[in-house]
Amino acid sequence: MFLFDGPGDARITILLAHGAGAPMDSSSMTAAAKALGEAGFRVARFEFGYMAGRRTGASRVPPPRAEKLNPEYLAAVDALDTKGPLIIGGKSMGGRVASMVADELLAAGRIHGLLCLGYPFHPPGKPEQTRTGHLADLKTPTLIVQGTRDEFGTREDVSAYKLSPLIELLWLEDGDHDLKPRKSISGFSTADHLKTMAETVSTWAERVTSPGG
């Protein structure tokens, strides 16, 4: 059910779900999980049922509405049954689903934080169709890692949204929805951005999982 990266005895585990159109072993998710694993986290990736079904030859079923996947995310937390501090999150839609179950899990003492890699603030080309209503009152410490040219939410778009003060944003210059920059324009490589992401997550995670954090 899970793909693991990083040391098995790591103090902190990060559970990640995939985006709407690509599986848990897509190149972008694999690269992000590897970077986090190399930073010392135990990283677990899982797939929602509709995506897992595509591996068995089932028809290419479109993803259901994000909120319909909440029970599957909660089931993954149960199945992982981690003993140390847990941070949940995901890529794009996976992070959005995690954000919708985060406060419930936080209140139950089961997680310490939420990590979103490329949050889908709105559909591409439709900035008026926001997916941010629940983020205004989010009670879970959150880190969103976003590229400045992400078509699901640029820095300019996001600056106009009302977000919980517990949400922190890491902006990666010229990064797209997969956090990839154009090196000839930005001077940064994808490896540079993944290293910055992993280092920032490490500092943030230590803070939110420490007593009183």
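The model shown is predicted, which means the values in this text are computed figures rather than measured ones. All residue numbers refer to positions counted from 1 along the written sequence of the respective chain. The predicted nature of this model means local features are confined to residues of pLDDT at least 70 and side-chain atom pairs, given and counted, to a pLDDT of 80 or more, with totals for whole chains, interfaces and linings taken over all residues. To get the side-chain values, all heavy atoms of the structure are used, and hydrogens and water are removed first.

Novice: Just to check I follow, could you spell out the packing of helix α1 (residues 27-38) against helix α7 (residues 190-209) for this structure?
Specialist: The relative placement of two packed helices is expressed as an angle between their axes plus a distance between the axes. What counts as an axis is a line fitted to C-alpha atoms, over the stretch in contact for a helix, and the angles between N-to-C directions run from 0 to 180 degrees. A run of H or I in DSSP becomes a helix once it reaches four residues, and a run of E becomes a strand once it reaches two; helices and strands are each numbered from the N terminus. For the pair α1 and α7, the least separation of the axes is 9 Å and the interaxial angle reads 50 degrees. In terms of orientation, α1 lies oblique with respect to α7. Every pair of crossing elements has a handedness; the one defined by α1 and α7 is right-handed. Residues A31, A32, A35 and L36 of α1 touch α7, and the partners they reach there are L194, M197, A198 and V201. Amino acids are sorted into nonpolar (Ala, Val, Leu, Ile, Met, Phe, Trp, Tyr, Cys and Pro), charged (Asp, Glu, Lys and Arg) and polar (every other residue, Gly among them). Class assignment of the residues belonging to the contact of α1 with α7 gives a composition of 8 nonpolar, no polar and no charged. Any angle between 65 and 115 degrees counts as roughly perpendicular, while under 35 counts as roughly parallel, over 145 as roughly antiparallel, and the rest as oblique. Handedness of each helix crossing follows the sense of rotation of the near helix against the far helix: counterclockwise by less than a right angle gives left-handed, clockwise gives right-handed. By definition, residues are in contact when any of their heavy atoms lie within 4.5 Å.

Novice: Looking at this model, I keep getting lost on the pattern of salt bridges. Mind explaining?
Specialist: Two side chains bearing opposite charge may form a pair once their charged atoms approach each other closely. Salt bridges, as used here, are contacts in which a Lys or Arg side-chain nitrogen is within 4 Å of a carboxyl oxygen on Asp or Glu. Per the counting criterion, the structure on display carries 13 salt bridges. The partner of K91 in a salt bridge is D178, with the nearest N and O atoms 3.1 Å apart. In this pair, K91 is assigned in strand β4 (residues 86-91) and D178 in the loop between β7 (167-172) and α6 (183-186), connecting sequence segments 87 residues apart. Burial classes: relative accessible area under 20% of the type maximum marks a residue as buried, over 50% as exposed, and values in between as partly exposed (1.4 Å probe, protein chains only). Since its relative accessible area comes to 11%, K91 is described here as buried. With a shortest N-O distance of 4.0 Å, R155 and E173 are connected by a salt bridge. Here E173 lies in the loop between β7 and α6 and R155 lies in helix α5 (residues 155-159), a separation of 18 residues in the sequence. Of the residues examined, E173 reaches a relative accessible area of 41% and is grouped as partly exposed. Bridged by salt links that share partners, the residues D25, E47 and R55 form one connected network.

The analysis is restricted to geometry; functional conclusions fall outside its scope.
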